[in-house]
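Here's the letter readout for the chains.
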2 protein chains.
Amino acid sequence: MPEATATMAAMKWWGWGDDDVSFTHEGKPELAPFIERELGLDVRRPGTPAIAFEDLEITPPVLPAGLRADLEAAAGREHVSTDDHDRVVHARGKSLTDLMRQRRGDLGRLPDVVVRPADEDQVVALMRAALEADAVVIPFGGGSSISGSLEAEPGETRPVISVDMTRMNRVLSVDATSQLARVQAGVFGPELERQLNAQGWTCGHFPDSFTYSTLGGWIATRSSGMQSDRYGDVAELTRGLRVVTTSGLLVVRPVPSTSTGPSVREMVLGSEGRLGIVTEATIHIRRVPAERKILGYLFPAWADGLAAMRDIAAGETEPSVTRVSDSHETAFSFATRTDPTPLDRVKSKALQTFLKRKGWDLEAMCLSFIGYEGSAEHVAGQRKLTERIVKRHGGLCIGTSPGELYDQKKFDTPYIRDFLLDRGAPADVSETSAPWGDLQTVYDNVMAAGHGAFHQVGVPGYLMCHLSHSYHAGACLYFTFALNPPAGRDALEDYGVVKRAIQQAFVDSGATLSHHHAVGTEHAQWLEEDISAPGVAMLRALFEGTDPGANLNPGKIVATGGDREPGETVPRGESSRTNGGTGGPRRSLDAQRASQPRP
Amino acid sequence: MPEATATMAAMKWWGWGDDDVSFTHEGKPELAPFIERELGLDVRRPGTPAIAFEDLEITPPVLPAGLRADLEAAAGREHVSTDDHDRVVHARGKSLTDLMRQRRGDLGRLPDVVVRPADEDQVVALMRAALEADAVVIPFGGGSSISGSLEAEPGETRPVISVDMTRMNRVLSVDATSQLARVQAGVFGPELERQLNAQGWTCGHFPDSFTYSTLGGWIATRSSGMQSDRYGDVAELTRGLRVVTTSGLLVVRPVPSTSTGPSVREMVLGSEGRLGIVTEATIHIRRVPAERKILGYLFPAWADGLAAMRDIAAGETEPSVTRVSDSHETAFSFATRTDPTPLDRVKSKALQTFLKRKGWDLEAMCLSFIGYEGSAEHVAGQRKLTERIVKRHGGLCIGTSPGELYDQKKFDTPYIRDFLLDRGAPADVSETSAPWGDLQTVYDNVMAAGHGAFHQVGVPGYLMCHLSHSYHAGACLYFTFALNPPAGRDALEDYGVVKRAIQQAFVDSGATLSHHHAVGTEHAQWLEEDISAPGVAMLRALFEGTDPGANLNPGKIVATGGDREPGETVPRGESSRTNGGTGGPRRSLDAQRASQPRP
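From a predicted model like this one, the values you see are computed outputs, not experimental measurements. (Residues numbered from 1 in each chain as written. Chains lettered and ligands numbered in written order. Predicted model: local features only at pLDDT ≥ 70, side-chain atom pairs only at ≥ 80, totals over all residues. Heavy atoms only, no water.)

Engineer: Help me out: how do you make sense of the sheet that holds strand β2 (residues 80–81) of chain A in this one?
Structural biologist: What holds strands together in a sheet is hydrogen bonding between their backbones, with the strands either parallel or antiparallel. Residues and elements named next belong to chain A. Here we have four strands laid out as an open sheet, ordered β2-β3-β5-β4, and mixed in their pairing. Where the open sheet ends on each side, the last strands, each with one partner, are β2 and β4 (136–140). With five bridges connecting them, β4 and strand β5 (residues 160–164) associate as parallel partners. Along β5, the bridge assignment pairs I138 with S162. Contacts between helix α2 (residues 65–75) and the sheet are confined to β2, β3 (113–115) and β5, with β3 contributing the most and set at about 20° to the helix. (Pairing = 2+ DSSP bridges. Helix = DSSP H or I, 4+ residues; strand = E, 2+ residues; numbered from the N terminus. Contact = heavy atoms within 4.5 Å. Axes fitted to C-alpha atoms, helices over the stretch in contact; angles between N-to-C directions.)

Engineer: What exactly am I supposed to notice about the pattern of salt bridges here?
Structural biologist: Any two side chains of opposite charge can pair, given that their charged atoms come close. Residue and element names in this part refer to chain A. A full pass over the atoms with the stated rule returns 66 salt bridges over all chains. Linking R101 and E151 is a salt bridge whose minimum nitrogen-to-oxygen distance equals 3.0 Å. With R101 in helix α4 (residues 96–104) and E151 in the loop between β4 and β5, the pair connects residues that are 50 residues apart, well separated along the chain. Just as R101 is buried, E151 falls in that class too. Put simply, R92, D98, R101 and E151 are held in one network by salt bridges that share partners. (Salt bridge = Lys/Arg side-chain N within 4 Å of Asp/Glu carboxyl O. Buried < 20%, exposed > 50% of the residue type's maximum accessible area, 1.4 Å probe, protein only.)

Engineer: Would you mind showing me how to read the relation of the copies chain A and chain B here?
Structural biologist: One copy of the chain maps onto the other through a rotation about an axis followed by a shift along the same axis. Each copy superposes on the other: chain A lies on chain B with an RMSD of 0.0 Å after a rotation of 180° and an axial shift of 0.0 Å. In symmetry terms, the pair is related by a two-fold rotation axis. Closest approach to the rotation axis within chain A is made by the C-alpha atom of L542 of chain A, at a distance of 2.4 Å. Interface overlap between copies is the fraction of interface residues in one copy that are interface residues in the other; for chain A against chain B it reaches 100%, indicating a shared surface. (Least-squares fit on C-alpha atoms with pLDDT ≥ 70 in both.)

Engineer: Can you help me understand the interface of chain A and chain B in this one?
Structural biologist: Often, the extent of an interface is quoted as the loss of accessible area on bringing the components together. Listed as interface residues are 85 residues of chain A and, on the opposing side, 85 residues of chain B. Of the roughly 6300 Å² buried at the junction of chain A and chain B (both faces included), carbon and sulfur atoms supply 58%. Counting across the chain A and chain B interface gives two salt bridges. Where E377 of chain B meets R388 of chain A, a salt bridge forms, and the shortest distance between an N and an O atom there is 3.3 Å. Linking chain A with chain B are 42 residue pairs in polar contact (both at pLDDT 80 or more), by the criterion used here. Element by element, the count of residues in the side of chain A that touches chain B is highest for helix α19 (residues 527–546) of chain A, at 15 residues. (Buried area = accessible area lost by both parts, 1.4 Å probe. Polar contact = N/O pair within 3.5 Å; in protein donor to acceptor, adjacent residues only side chain to side chain.)

Engineer: Would you take a moment to explain the sheet that holds strand β19 (residues 474–483) of chain B for this structure?
Structural biologist: All names here are of chain B. One open sheet holds the seven strands; their spatial order is β16-β13-β15-β14-β18-β19-β17, and the pairing between them is antiparallel. Where the open sheet ends on each side, the last strands, each with one partner, are β16 (396–399) and β17 (427–435). Neighbour-to-neighbour, the strand axes of the sheet open up by a mean angle of 25°, direction not taken into account. Note: β17 against β19, nine bridges, orientation antiparallel. Following the sheet pairing, S430 is matched in β19 by F479.

Engineer: Can you walk me through the packing of aromatic side chains in this structure?
Structural biologist: The geometry of an aromatic ring pair is captured by the separation of the ring centres together with the interplanar angle, meaning the angle of the planes. This model, assessed by the stated rule, comprises 22 aromatic pairs over all chains. Measuring from ring centre to ring centre gives 6.0 Å for F481 of chain A and Y495 of chain A, while their planes differ by 10°; the resulting arrangement is stacked. One end of the pair, F481 of chain A, is in strand β19 (residues 474–483); the other, Y495 of chain A, is in helix α18 (residues 491–508), and 14 residues separate them in sequence. For F481 of chain A, a relative accessible area of 1% translates into the label buried. Each ring, one from F23 of chain B and one from F419 of chain B, has its centre 5.2 Å from the other, and the planes form 70°; the classification is edge-to-face. Placement of the pair is F23 of chain B in the loop between β1 (21–22) and α1 (31–39) and F419 of chain B in helix α16 (residues 413–421), with a sequence separation of 396 residues. With respect to class, F23 of chain B is no different from F419 of chain B; both count as buried. The structure contains a cluster of three or more aromatic residues connected by ring pairs, namely W302, Y443, F479 and F506 of chain A. Looking at K28 of chain B, its charged tip hangs above the ring of F23 of chain B, at a distance of 4.4 Å from the centre. (Phe/Tyr/Trp six-rings, centres within 6.5 Å; stacked < 30°, edge-to-face > 60°. Lys NZ or Arg CZ within 6 Å of the ring centre and 35° of its normal.)

Engineer: Quick question: what am I supposed to make of the pairing of strand β14 (residues 321–325) of chain B here?
Structural biologist: Looking down a regular strand, the side chains alternate between one sheet face and the other. Residue and element names in this part refer to chain B. β14 sits mainly inside the fold: five of its five residues count as buried. Bridge analysis of β14 against strand β15 (residues 366–374) gives four bridges, and the strand direction is antiparallel. Each bridged residue has a counterpart across the sheet, and for V321 the counterpart in β15 is G371. Taken together, the two bridges between β14 and strand β18 (residues 461–471) define a ladder with antiparallel strand orientation. Residue S325 lies in a different strand from β18, and its bridge partner there is H466.

Engineer: How should I be thinking about the state of the cysteines in this particular structure?
Structural biologist: Cysteine pairs can be covalently joined through their sulfur atoms, and such a bond is termed a disulfide. All names here are of chain B. Tallying each qualifying case throughout the model produces zero disulfides over all chains. The thiol sulfur of C397 is not disulfide-bonded, and the nearest other cysteine sulfur, from C366, lies at 16 Å. We note that C465 lacks a disulfide partner, and the nearest cysteine sulfur, in C476, lies 8.2 Å from it. (Disulfide = S-S within 2.5 Å.)

And the structure:
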C-alpha cells in the first residue's frame, strides 16, 4: 500500500479546509437577499480577509537540544519541524473562537515542534523522549476540532510537541469474515474510504468534518457520522484499540462485547489525548451497499417531523439517515439553492400551489432527508415501512433530487463560516442530545435562550436547528446560529454571549453539553452540570492517576486551572488586514467535490 | 406501587436459588445413562447434601456500637441485621468455588452486618456512616455472581457491611415517548418484567440468572440477556444512572449518546461496587411484541452452524435470539428430554431416518435456536430472510416445540450444578467472545485445553459449548464442563485445573476472559493478559483515585494484594455432612416455573 500522501501543506491556518477552496454566494440567487433580510448583512460587498501570514508575530520555538535530538532519532530528522507555518497550523483546531483569534493574529501558545511519526514504534519512542524531557504531548489528526482540544495551555512553560499522525494513514488488514479492519489512526476520511472501497468495503462514518478529520480524531472526540443510524457512532464501530500511554502500549482486543470491569475502550473514546496517542483501531466495516438512496420529504411543521422521526426509531424499519430541519433551517436551505432552471421554477411553483391547497403554512414547513441502504429488496421494504410512518404524520415525499443535493453538499457547510467571518459575522454550531420526550422542550428552551442572547447584546441573529442521529430513546438536535455585530463591537464577545446561552440551555434542560463535538476547553465549563461532580471526579482520577506529570494534552475536558469560556479570554487583538491565503486561485467547492472520492 | 415483597429469606446458602426448588434426573429417561457413560457417575444413587446450617461455625460479627447506631438511623432498626443466616447468605455469590466451600462449612470472611435500605436517601446516609467508620461496603443484589464479586477480602479487619438492595424494587416511571423507564436498582428480573408488562412494556433482558438477579447486579457486572441480539446487552440498554459514591451522588443523564469525555456511564457498568452503589437506572423499554417465536433448527456440523450465525449477523435480518450448540451440547440437550410420548418417539425416529438418508452424521449434528419478535408481518419477513441463510448452510427447521421447551427451561440450568455437587461432581461455565473469524480457533483451543486438563488430573470430564449473543463483528462462545473426581481427591483442586486451562485458552487465543460474567476475584488473574498492563493501570487509577480509603468492595476486578486463583486458596475443610436446607419439601422446577411471570 502507498506511503502517506496526505499532508497539511495546503491547510488554511486561518479557516476551514484547503487554501484554494472557498464558499461563495454567487450562483445562489436567493442567498444574499436572505442574509441581508435576516442579519442585515450585505454579503455582496467584498469581505476583509485574515491578517497576512507574513505579518504574524511568531515567537521562536523553545526546544532543548537533547529533546530535539531524541525526537529526530524517533521519527527521522525530516519529520521534526519547527517551521513557522507548521507551528501555526498545529496550534489550534477550527472552532469559531480559534478562527477569529487566528484571523486577528492572536496565535496563543504555539507548539514548539511538530513531529510526524511513521509508525507505532516511532510514537513509542517520541512519547518516551517527551516524558523524559517533561514535555507536553498533543496529538493532532486533521486539526478540525471545534471545541478547543488542540491548543496548549496559555501559560505552558514546558516544551510543547504537536504529534501530527497523518503519515500513519493505511488500512493494515481487512478481516472479511469478522467484518473488521485494522487501520492506522492518522488516516483522513476520504483516504480511509478509498482504501476500503477498493476492496468492496466501507466504514460508513461521515461526519461533517469528514474531508479534514482522521480516524484517531474521531475516536478522541466520540465523533458521529451522518449515517450513524445504520453504522453507529464511532464509539460503536471502534472495537480494538492500540494507544501509546505513559505506561506503555495499551491494547484493547477487538472483541464484540466483554465483561472486564469498567470499559477501558470507552475510556479511550473521547479522551482527547489525555490518556495517550491512539495509533491504530480495529473498526467495523460493511460491504458497500448495492443500493443507496437519500430521499427528500416535507412535513407541515416541526412537531410533525419530530414525531415522525421518533416513530421511525421505535418502528420495525431502520433507515441509514433520519434528519429533519426546523422551519428556519428549511428556509435557509431553500435560500442556498443554485440558480434554478425554468423547469425547476415551474415544478417549485406547482409544489407550493399544491401544498397551499392542502392547507400547509409554507413558513412552518420542514425539510427532511431519510436514507436507505442495502439490497434493492431491503431498500424497497424499508422505504415502504418508513413512508407509512411519514404519511401518518402528514409528511410528503419530494423525490430524490433534494437528497442528492444534500448528499453532495454535506461536507461544505464549514466553509460558509469563513465566508461570513470575512464579512465580520460569526456563525457557529452547538449540538446536543436528549430523550425523545424532551426534544421539543429542549428545542423551545434553546430557541428562547438564543434569541434572548441576540436581544441582550442587541445584534441581529439567526438560529436554526435540525434533528439527526436517531437512537432507540432519543436523538441529536443540531443548532446553527449567526449574528452580525455592528462595526466597533467585539464580535467574539457578542458571539460568546450567544454560544454560552445556548450551551447553558442544553444542560438546564437535561440535555447533554455535546452529542459529538467533545469537551475540549470550550465546553469544559458545563461538564460538571452535565455529568455531575462525582463524574468529573472520576475523570480527574483517571487522568491524574495515569498521567501524574500532566504531560498529555493537559487542561482538556477537565481543566487544570480555571475554565476558559468561549470568547472570554481572547486578548483584544488587531483587526484583520490582508489576505492570509497562499495567494493562489481558490477552487470552487464544486470543483473540489469532483476530485474527492465519494462513498 | 407495592412495597418490596421479594426477600432473600428462602435463598439457599449452599446452592442456587430457592430452598424448595431442585433439579432431578427423574422423568428424563436418557439423562442418568448419559451421565454414567460420559462421567462414570451414577446419579441414581442418593447424593450427599451440604453440611447442616446448625453445624456451621459462624464467627460473631464485629460491629462498633457507633456504626450500628448510624446504620439503624439510616435504614431503620429492623433493616439492620446481624442474623447468622443473613450473614452467611450475603457472604458470597454462587460460583462453583463459592458453593463447594459453603457446602464444606468454609464460610470465609462473613459480613458483619446486612443493611436493607428502602430508598436513595438511606443509601446516602449509610454510605456516609460507613466512610466515617472506615468500614467496607459491598452492594448485594440477587447474590448470583459467579465470579467472586461479593466476598470480603480474607484478612479484612474493618467492619464489613453488605448492602442488600432488594427493597428498592420499583419501576418509578415510564416515559412512553422516549421508550425509557426509571427503575430502582434492587428489582429482581421477574418483578421488573411484571411491573413493566402491566403497562404493556418489556425490558427484554433475560440472563440465565434472571430469576435471582437484579438490575443493579446486571449493571455492576455488564450482564447480557438471551435476547441481546434484539434488546442489547445491559451496557446498551442502560442509559441513565444514579450512583452513591464517596464524593456524593453521581448522576448520568439518560441521553442516547454523548461526547463528554471518557464515558462515565461505561465506567459504572462492570464496576462491581468499586465506584459506589447503583440506586437507580433509566433503561430502554420496548412494547411487548405482538408475536414471539423461537424455532429449532439442526445443522449438519458445528462449522455450518457457526457460518450460518455469522451470515445472519452480516445480513439484512435481525432475529432476537441466535444460538447454536456444538455436537456435545446437542447430545446433552437430547439427553435431558422428558419422557417422550409414543408419538414423540415415532417423530424422532422418522427425523433420524430422514437425516441419515440425507447423509448426516447424527453424532456431529448441532441443535440451534433462532428467535423472532415483532408484528406478524415482521416476524414472517425476518424468518424468511433468516431461513434462506440457514438453508444455504445445510440447516433444517425442526419447528416450534424444541424452541418452546428451551424457552421454558432456560432459567433452570444453574440448578443442575447442585444436583451434580450433591454427588461430588463439580460443573461450571466459562464464556468468552471473539471476532467471527476467530471463533473456530478459540473453540478448538478451548476444547484441547479442557480435555488436556481432564487428562492431566486424570478424571473423566465433559466439555460442551454453544454460540449465543451475535454482534456485527463476533459472538459469545459459552462453555459448560463437568468432571467426576474419584473419592479421596480434592474436587475443588481438580476443578481449578480445568477452569484455569479454559480461561487461559481464552486469553491465549485473543478472546476475552468473560463476555458477561464479570471479573470479580476469580477472573482477576487474566485481566492484564486481556486488557494489557496500561488497561489495568487505568482501572487502578480510577478506583484508587475515587476511593482512596479502599472502602468500596476492595480487591474486586483489580486485586489489592495478590490474586486469588479459583480453587487455590481454599482451606482443606471437612467434607459435607448433612442436609443444609430448611428441611421443607422441595418444589419441582416446573411447579416453580408456573408461579413466575413470563415476559
